[in-house]
Amino acid sequence: MIGIVSALLGRPIRPGIAITGEVALHGEIGAVGGIPHKLRAASRAGRKRVLIPAENAKETTQLPAELLAQLEIRPVRMIQEALQYALEPGVELPQPAETPAGMGM
């Protein structure tokens, strides 16, 4: 998803970033499994910044302090947050419209 937006906007993805999460149609980033393993893998791959679903943030407490010190972990709730953090500065991204009352997902 972020790769597609990067190509459409002509904004490169920041170097050294890893991203995980499920993106719903309305832009919410949902929880995924295996966060401790994914963070270890990101560190082994030389990534310094990792975006994870906010719902998974509590799982980072299972990791050793040495690993946490090597990573900048950013929990995100919506795709707009992930895009702002993952893409190099450039074209501003549109903000989501408010969902009318009774139209929630």
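This text goes with the structure placed above it.
Keep in mind that what you see is a predicted model, and the values were worked out from it rather than measured. (Residues numbered from 1 in each chain as written. Predicted model: local features only at pLDDT ≥ 70, side-chain atom pairs only at ≥ 80, totals over all residues. Heavy atoms only, no water.)

The next subject is the pairing of strand S5 (residues 72-76). Bridging between strand S4 (residues 49-53) and S5 involves 5 bridges; their strand directions are parallel. In the strand pairing of S5, Ile52 is matched with Pro75. Remark: the S4/helix H3 (residues 65-70)/S5 crossover connection has right-handed handedness. (Pairing = 2+ DSSP bridges. Helix = DSSP H or I, 4+ residues; strand = E, 2+ residues; numbered from the N terminus. Right-handed = clockwise from strand over helix to strand, strands pointing away.)

Let us now look at helix H4 (residues 79-86). Across the 8 residues of H4, 6 count as buried, placing the element largely inside the fold. For H4, the set of buried residues is Ile79, Gln80, Ala82, Leu83, Tyr85 and Ala86. Those residues of H4 hidden inside the fold are in contact with helix H1 (2-9), strand S1 (17-19), strand S2 (22-23), strand S3 (29-30), S4 and S5. (Buried < 20%, exposed > 50% of the residue type's maximum accessible area, 1.4 Å probe, protein only. Contact = heavy atoms within 4.5 Å.)

Here the focus is the environment of Thr20. Inspection of the secondary structure assignment puts Thr20 in the loop between S1 and S2. Setting aside residues up to four positions removed in sequence, Thr20 forms contacts with Val32, Ile35, Lys38, Leu51, Ile52 and Pro53. Side chain to side chain, Thr20 and Lys38 meet in a polar contact 3.5 Å long. (Polar contact = N/O pair within 3.5 Å; in protein donor to acceptor, adjacent residues only side chain to side chain.)

What follows covers the pairing of S4. Each regular strand shows side chains that alternate between the opposite faces of the sheet. Of all 5 residues in S4, 4 are buried; the element is thus mostly enclosed. Bridge analysis of S1 against S4 gives 3 bridges, and the strand direction is parallel. Residue pairing in the sheet places Ile19 in a bridge with Leu51 of S4.

This part is about the sheet that holds S5. Judged by pairing direction, the sheet is parallel, and its 3 strands sit side by side in the order S1-S4-S5 without closing on themselves. Only two strands of the sheet have a single partner each, and these edge strands are S1 and S5. Between one strand axis and the next, the sheet turns through 20 degrees on average, direction left out of account. Packed on one face of the sheet, helix H2 (residues 35-44) meets S1, S4 and S5 and runs near 165 degrees to S4. (Axes fitted to C-alpha atoms, helices over the stretch in contact; angles between N-to-C directions.)

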